[in-house]
Amino acid sequence: GLDKIAFQTRVLAMNAAVEAGRAGEAGRGFAVVADLVSALAMRAEEEAGRARDQLTATQSDIVTAVQAVQRVDGALADISAGVGEVHQLLGNMASDNHAQSSAVTEISAALGAMDQSTQQNAAMVEETSAAARNLASEVTVLSEQASRFNVGNGAPMASARVAPSRFNSGNVKPLPAAAVSALVRNSSADDDWQSF
């Protein structure tokens, strides 16, 4: 638009200079004005050129700024995606920590149950050991009492003493076979136990 206005102004100034030349002496002042208007039109064209150059540079800067804004927008989108991934990872870590806590709780409960079972087993072993010692003592007493019986051969039955310490190892000596057979014969021959 500025270029068109400057061009029209210069055309008018040229027409005015032509008309001033036709007017002769009377048109000299008008010719001076026409020259000034023509110079003004030329300056307007130059300023329009400068404005065009400035607009071109501004347009290039705007394109560069738009590209920079687009890059910043892409970077912000990447940052947002990264923050989302970090949030997801933190959620996964929280769920994993919860699962590990549950597993540790279960392991602790299992260890407590194992410890309780171990204590119960130890108590049972102690009770079994005490029962074995009592049984060994009773076997010894029973063996001493059995040695007092007369089995028909004129001699008391041999005592089968069992020491409590040897009972636990499985070394208890049984009654002699002759004594056991004599007991069986006497019991079958005399049912009223008078021989005792």
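One numbering rule holds for all chains: residues counted from 1, following each sequence as written. Side-chain atom pairs in this predicted model are given and counted only at pLDDT of 80 or more, local residue features only at pLDDT of at least 70, and totals for whole chains, interfaces and linings cover all residues. For the side-chain quantities, the full set of heavy atoms in the structure was used; hydrogens and water were omitted.

## Description of the overall build of the protein
Then, number 1: Each helix is a run of H or I in the DSSP string that is no shorter than four residues. Each strand is a run of E no shorter than two, and both are numbered from the N terminus. In terms of regular secondary structure, the protein is built from four helices and zero strands.
Then, number 2: Secondary structure of the protein in N-to-C order comes out as α-α-α-α.
Then, number 3: Put simply, 48% of the contacts in the protein that link residues at least 6 apart link residues at least 24 apart.
Then, number 4: Accessible surface for the protein amounts to roughly 15,000 Å². Of this, 61% is attributable to carbon and sulfur atoms. Only heavy atoms enter the contact rule, under which two residues are in contact if any of them lie within 4.5 Å. With residues, only the protein chains shown are counted as cover, and all accessible areas are computed by Shrake-Rupley using a 1.4 Å probe.

## Observations concerning the confidence of the model for the protein
Then, number 1: A residue-level look at the protein finds 77% of positions with pLDDT of 70 or above and a mean pLDDT of 79.
Then, number 2: Confidence of the predictor in every single residue is expressed as pLDDT, which spans 0 to 100. When mean pLDDT is compared element by element in the protein, helix 2 (residues 28-146) scores highest at 90, while helix 3 (residues 164-167) scores lowest at 45.
Then, number 3: Within the model, pLDDT remains below 50 along residues 158-172, and this stretch shows 24 contacts once partners closer than five positions in the same chain are excluded.
Then, number 4: Long-range and interchain partners of residues 183-196, a stretch whose pLDDT sits below 50, account for nine contacts in this model, where long-range means more than four residues apart.

## What about helix 1 (residues 2-23)?
Since the α-helix turns once every 3.6 residues, residues separated by three or four places project in the same direction.
Then, number 1: A helix is expected to span 1.5 Å multiplied by its residue count minus one. Taking 1.5 Å of rise per residue, the 22 residues of helix 1 would be expected to cover 32 Å, and the 31 Å separating its terminal C-alpha atoms lies within 8% of that figure.
Then, number 2: Note on exposure labels: buried denotes an accessible area under 20% of the residue type's maximum, exposed denotes more than 50%, and partly exposed covers the range between, all computed with a 1.4 Å probe on protein chains only. Among the residues of helix 1, Ala6, Ala13, Ala16 and Ala20 are the ones counted as buried. End-on view of helix 1: buried residues confined to an arc of 80 degrees, all on one side of the axis. Among the exposed residues of helix 1, those oriented more than 90 degrees off its buried face are Lys4, Met14 and Arg22.
Then, number 3: The inward-facing, buried residues of helix 1 contact helix 2.
Then, number 4: Downstream of helix 1 by one or two residues, Gly24 has phi in the positive range, about 75 degrees. Think of the arc as the fan of directions from the helix axis to the C-beta atoms.

## Describing the pattern of salt bridges
Then, number 1: Only one rule defines a salt bridge in this text: a Lys or Arg side-chain nitrogen within 4 Å of an Asp or Glu carboxyl oxygen. Tallied over the entire structure, the rule returns three salt bridges.
Then, number 2: In this structure, Arg10 and Glu45 form a salt bridge, with 3.5 Å as the shortest nitrogen-oxygen distance. Linking Arg10 in helix 1 with Glu45 in helix 2, this pair joins segments that are 35 residues apart in sequence.
Then, number 3: The class of Glu45 is partly exposed, set by a relative accessible area of 24%.
Then, number 4: Where Arg22 meets Glu19, a salt bridge forms, and the shortest distance between an N and an O atom there is 3.5 Å. Residue Arg22 and its partner Glu19 are both found in helix 1; the two are separated by three residues, about one turn of the helix.
Then, number 5: Overall, the relative accessible area of 42% leaves Glu19 in the partly exposed class.

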